[in-house]
Amino acid sequence: MDKQKKILIIDDEQMITDVVRSYLEHNDFNVHVEHNGKEGLKAFRDVKPDLVVLDLMLPDLSGEEICKEIRRSSRTPIIMLTAKVEEEDILTGLDIGADDYMTKPFSGKQLVGRVKAVLRRTDSDPIPLFNIMTFNDGDLEINLENNEVRKKGELIRLTPSEYRILLSLIKYPNKTYSRDELIFIALGEDFDGYDRIIDTHIKKLRQKVEDDLKNPKYIQTVHGFGYKFGGGKNET
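Residues numbered from 1 in each chain as written. Predicted model: local features only at pLDDT ≥ 70, side-chain atom pairs only at ≥ 80, totals over all residues. Heavy atoms only, no water.

(A) Broad picture of the overall build of the chain. Summing up its helical and strand segments, the chain has eight helices and twelve strands in all. A total of 236 residues make up the chain; the buried ones form 50% of that total. Taking the contacts inside the chain whose residues are at least 6 apart along the sequence as the reference set, 61% of them involve residues at least 24 apart. Carbon and sulfur atoms provide 46% of the accessible area of the chain, an area that totals close to 11800 Å². (Helix = DSSP H or I, 4+ residues; strand = E, 2+ residues; numbered from the N terminus. Buried < 20%, exposed > 50% of the residue type's maximum accessible area, 1.4 Å probe, protein only. Contact = heavy atoms within 4.5 Å. Areas by Shrake-Rupley, 256 points an atom, 1.4 Å probe, with all protein chains shown as cover.)

Spelled out as structure tokens, the structure:
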């Protein structure tokens, strides 16, 4: 890595944070640890980490609340730690903005692998050829310089996975992406989970960029194959 990446761990279990810190520091990460949600959010603003490792079960704020708060202003990658193994619980965590998840118990070595995979993925997001791309006479605007997406002039907040999916679709607007391709784009080659997760990301992305969810003009379904991007483009 070109520079030492900063990792913020928010988890109230001292034994877990000690082990995770040790593994991450051994792999040349700069690690900051907080044991409750409020201090974790403060540290997020102060430390400006490259990635957050976030426990869902905290003594004051829930991991879901913290994730939602971070997503209001940032696309910093988040890996959720959870003791819940039900599919719906995991989908909920990814739905509100997490990039990946790990179920407890887990090995420190495995977590380091996930951290590296998520950082590789977010460091290599596909970049279209134009700095600002507008669609349908300014109805949708993507500003690559500021990493901002606007709908009818209003700033909208996308999760990192939603943003990567959108960028990939607009880079090749005539290409139909399979679910497996979008899983690789949004979640990486190391992801081992439910393919329904892509449908969840697509559903949330449509809610943010479409006027009519029954007749989407941007994120279009190609039945039997996957998804593609549609819409009149004006580059800037």
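Having seen it, we continue.
(B) Seen up close, a negative patch on the surface. Residues Asp-12, Glu-39, Asp-60 and Glu-65 make up a contiguous surface patch of negative charge. Along the chain, Asp-60 falls in the loop between strand E3 (51-55) and helix H3 (63-71). In this structure Asp-60 comes out as partly exposed when scored by relative accessible area, which is 32%. (Patch = residues over 30% accessible without salt bridge, like charges linked within 9 Å, V, L, I, M, F, W, Y side chains within 5 Å. Salt bridge = Lys/Arg side-chain N within 4 Å of Asp/Glu carboxyl O. Lys, Arg positive; Asp, Glu negative; His and termini not counted. Charge placed at Lys NZ, Arg CZ, Asp CG, Glu CD.)

(C) View of the environment of Ile-185. Locating Ile-185 in the fold gives a position in helix H7 (residues 179-187). Considering only alpha carbons, one finds Ile-185 and Ser-168, 17 residues apart in sequence, at a separation of 7.7 Å. In contact with Ile-185, other than residues within four places in its own chain, are Arg-121, Arg-164, Ile-165, Ser-168 and Tyr-177.

(D) How the structure looks around the packing of aromatic side chains. Per the stated rule, a full pass over the model turns up three aromatic pairs. A centroid spacing of 6.5 Å and a plane angle of 75° characterise the contact between Phe-135 and Tyr-218, whose relative ring orientation is edge-to-face. Here Tyr-218 lies in the loop between helix H8 (196-209) and strand E10 (219-222) and Phe-135 lies in strand E6 (residues 132-135), a separation of 83 residues in the sequence. Each member of the pair Phe-135 and Tyr-218 is classed as buried. Here the aromatic rings of Tyr-218 and Phe-229 are separated by 5.7 Å at their centres, their planes lie at 25°, and the arrangement is stacked. Remark: Phe-229 occurs in strand E11 (residues 226-229) and Tyr-218 occurs in the loop between H8 and E10; sequence separation between them is eleven residues. For Phe-229, a relative accessible area of 3% puts it in the buried group. One aromatic cluster is present, built from ring pairs that chain together Phe-135, Tyr-218 and Phe-229. (Phe/Tyr/Trp six-rings, centres within 6.5 Å; stacked < 30°, edge-to-face > 60°.)

(E) Layout of H3. Residues of H3 that are buried include every one of Gly-63, Ile-66, Cys-67, Ile-70 and Arg-71, and no others. The buried side chains of H3 occupy one side of the element, clustering within an arc of 130° when seen end-on. On its buried face, H3 is in contact with strand E1 (6-10), helix H2 (37-47), E3, strand E4 (78-82) and helix H6 (160-171). (Arc of directions from axis to C-beta.)

(F) Representation of the nonpolar core in the model. Counting 26 residues, the largest nonpolar core has Ile-142, Leu-166, Ile-219 and Phe-229 as the members making the most contacts within it. Of all the secondary-structure elements, those providing two or more residues to this core are E6, strand E7 (140-143), H6, H7, H8 and E11. It is H6 that provides the largest number of residues to this core, a total of six residues. Setting aside its immediate chain neighbours within four residues, Leu-166 contacts Ile-142, Val-149, Leu-158, Leu-205, Ile-219 and Phe-229. Judged by nonpolar contacts, the second largest core, of 19 residues, contains Ile-7, Val-31, Leu-111 and Leu-119. (Core = buried A, V, L, I, M, F, W, Y, C linked by side-chain atoms within 4.5 Å.)

(G) Looking closely at the sheet that holds E1. Ordered in space as E2-E1-E3-E4-E5, the five strands form an open sheet in which the pairing is parallel. Edge positions in the open sheet fall to strand E2 (30-34) and strand E5 (100-103), since each of these has one partner strand only. For this sheet, the mean inter-axis angle between neighbouring strands, taken without regard to orientation, is 20°. Pairing between E3 and E4: four bridges, direction parallel. Within E4, the position partnered with Val-53 by the bridge is Ile-79. (Pairing = 2+ DSSP bridges. Axes fitted to C-alpha atoms, helices over the stretch in contact; angles between N-to-C directions.)

Just geometry here; none of it tells us what the structure is for.
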